[in-house]
Amino acid sequence: MKRNKLISIIIPVFNEVENVDPLLARLDPVSDSLAARYDFEYVFIDDGSDDGSFELLAKRATQNRRIRVLSFSRNFGFQRAIITGLLECRGDAAIQIDADLQDPPELFTEFLEQWEAGNDVVYGVRRGRKEGKIENLSRRTFYRVINALSEDHLPPDAGDFRLVSRRVIDALEEVDDYHPYLRGAIASFGFDQVGVTYDRSARERGESKLRWRKMFSLAIDGILYHSVLPLRFAIWIGALTAALMLGGIAWYVLGSLNSDLPPGLATTVVLIMAGIVLNALFMGILGAYIGRIYQQVKRRPFTIIAERVGDDAPTESAAQPNDEIGEPTHPRRDSGSEPPDGGIEPPD
Ligand code: UDP
Ligand code: MG
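Here goes a summary of the coordinates provided. (Residues numbered from 1 in each chain as written. Chains lettered and ligands numbered in written order. Predicted model: local features only at pLDDT ≥ 70, side-chain atom pairs only at ≥ 80, totals over all residues. Heavy atoms only, no water.)

1. Structural notes on the overall build of the protein
- Looking only at helices and strands, one finds ten helices and seven strands in the protein.
- The buried share among the 348 residues of the protein stands at 43%.
- A sequence separation of at least 24 residues applies to 79% of the contacts in the protein between residues at least 6 apart.
- In the form shown here, the protein has an accessible surface area of approximately 19500 Å², with 59% of it arising from carbon and sulfur atoms. (Helix = DSSP H or I, 4+ residues; strand = E, 2+ residues; numbered from the N terminus. Buried < 20%, exposed > 50% of the residue type's maximum accessible area, 1.4 Å probe, protein only. Contact = heavy atoms within 4.5 Å. Areas by Shrake-Rupley, 256 points an atom, 1.4 Å probe, with all protein chains shown as cover.)

Structural data, given as structure tokens:
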């Protein structure tokens, strides 16, 4: 008999004890209704809760065979929670959903249809948001800014309610980022994606865990993830300042030759300006190198092979990063645990 496809539901949980049972009460009917074609696992990521969420989840796991619980040693934040969930799950596809039921599990059916139709990423697009005006506006502005700065295109109004295929999860394994930004990483992979509109409801129980401070640092992560434009900006400003100061130096030197300036002024000003020139230039140069280093250490997949035809090797999610243009690809990894040949494993 053909095995059902396994769908992983990834749920980050940070002090959501009141939401656990209501969530399960919504998830189970959906999973049951799709049981003919799909098996489900619920991967709960307890992100350092201290309100008994974990204990309750552990108890429910003994009663509901779909439940798996991974508990962090402390609060690591939403991004790391969901990424860990994706990397740990076993599904052929994974759907990520918040614990507070702001996003409807009933939409899974449509997500799965779109996935079966060949989309690697299916994301929920929020039609009506029952949140504050200021919050709405700041989110919108944030996505505009990121899209303007970014080389990757982020779907506007898409939240973190999404399905990703196994191929996306495999590509994600190649990403090694201390300040992860999942939405951006997925956008940068470039797989086929489609949005499904829905109404996002308000949180009914408990408080929002993403307070302003967290939202702000998420915004910074998003911007820095997507671009080294701020650095490049610094380089141009540096060059411009240096040019202006050089002009100023010339002007003062000529002025002092014509000796219509108070004694000593030209010397002082020229010394100060020369200092500024050196600073601006060398900061710019440092910035350029740091930008390079940043892009290199981010270790995004160099390329992603989505499909292979007439090739016995298993589908590899990525080739190796190699920045040198014109050089033959010579895969090399710095992390000690990897095989030195770049990890291209023989088929089993
Ligand atoms: N969450 C988490 N770690 C955190 C903050 C939030 O795992 O540090 C979880 C939280 O339990 C919820 C989801 O992430 O399931 C979204 O959080 P929240 O509903 O507070 O965000 P909002 O909907 O207000 O943007
Ligand atoms: Mg919420």
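2. Quick notes on the coordination of the magnesium ion (ligand 2)
- Protein-derived coordination of the magnesium ion (ligand 2) comes from D100 (OD) and Q102 (OE1), at a distance range of 1.9 Å.
- Owing to a relative accessible area of 8%, Q102 belongs among the buried residues under this scheme. (Donors = N, O, S within 2.8 Å, 3.2 Å for Na, K, Ca; no water.)

3. Some words on the site of ligand 1
- Taken together, 19 residues are adjacent to ligand 1, and E16, D47, D100, S208 and K209 come closest.
- A99 places a polar main-chain atom, nitrogen or oxygen, 2.9 Å from an oxygen atom of ligand 1.
- In isolation ligand 1 offers 530 Å² of accessible surface; the protein chains occlude 97% of this area.
- Residue classes in the shell around ligand 1 are distributed as six nonpolar, four polar and nine charged. (Near = heavy atom within 4 Å. Polar contact = N/O pair within 3.5 Å; in protein donor to acceptor, adjacent residues only side chain to side chain. Nonpolar A, V, L, I, M, F, W, Y, C, P; charged D, E, K, R; others polar.)

4. Comments concerning unusual backbone geometry
- In the Ramachandran plot, N15 falls in the positive-phi region, its phi being about 55° despite a non-glycine side chain.
- Its place among the elements puts N15 in the loop between strand 1 (5–13) and helix 1 (17–33).
- Of the residues examined, N15 reaches a relative accessible area of 19% and is grouped as buried.

5. Looking at helix 10 (residues 265–297)
- Taking 1.5 Å of rise per residue, the 33 residues of helix 10 would be expected to cover 48 Å, and the 47 Å separating its terminal C-alpha atoms lies within 8% of that figure.
- Listing the buried residues of helix 10 in full gives A266, V269, V270, M273, V277, A280, G284, G287 and G291.
- Buried residues along helix 10 sit in contact with helix 9 (229–257).
- At the exit of helix 10 stands R299, carrying a positive phi of roughly 50°. (Expected span 1.5 Å × (residues − 1).)

6. Some remarks on the side chain of R200
- Relative to the helices and strands, R200 resides in strand 7 (residues 193–200).
- Taking the relative accessible area as the measure of exposure, R200 reaches 5% and is therefore buried.
- At 3.3 Å, the side chain of R200 and the side chain of D98 are in polar contact.
- A distance of 3.0 Å separates the side chain of R200 from the side chain of D103, its partner in a polar contact.

7. Section: the packing of helix 1 against helix 2 (residues 53–63)
- Where helix 1 contacts helix 2, the axes come no closer than 8 Å and their chain directions differ by 30°. Considering their axes alone, helix 1 and helix 2 lie roughly parallel with respect to each other. Considering the relative orientation of helix 1 and helix 2, their crossing is right-handed. Contact residues: V17, V20, D21 and L24 in helix 1; S53, L56, L57 and R60 in helix 2.
- Of the residues assigned to the contact of helix 1 with helix 2, the class counts are five nonpolar, one polar and two charged. (Axes fitted to C-alpha atoms, helices over the stretch in contact; angles between N-to-C directions. Parallel < 35°, antiparallel > 145°, perpendicular 65-115°, else oblique. Left-handed = near helix turned anticlockwise from the far one by under 90°.)

8. Some words on the packing of helix 6 (residues 166–174) against helix 7 (residues 182–189)
- Look at helix 6 against helix 7: their axes get within 10 Å of each other, and the N-to-C directions meet at 110°. For the element pair helix 6 / helix 7, the angle class is roughly perpendicular. Between helix 6 and helix 7, the contacting residues are V168, A171 and L172 on the first element and L182, A185, I186 and F189 on the second.
- In terms of residue class, the contact of helix 6 with helix 7 is made up of seven nonpolar, no polar and no charged.

9. Quick notes on the pattern of salt bridges
- Tallied over the entire structure, the rule returns 18 salt bridges.
- The partner of E106 in a salt bridge is R26, with the nearest N and O atoms 2.9 Å apart. Residue E106 is found in the loop between strand 4 (93–96) and helix 4 (108–116), and its partner R26 is found in helix 1; the two are separated by 80 residues along the sequence.
- One salt bridge in this structure joins R66 and D32, with 2.9 Å as the shortest N-O distance. You can see R66 sitting in the loop between helix 2 and strand 3 (67–71) and its partner D32 sitting in helix 1, a full 34 residues away along the chain.
- Residue R66 is classed as buried on the basis of its relative accessible area of 10%.
- A single network of salt bridges, built from pairs that share partners, joins K5, R37 and E116. (Salt bridge = Lys/Arg side-chain N within 4 Å of Asp/Glu carboxyl O.)

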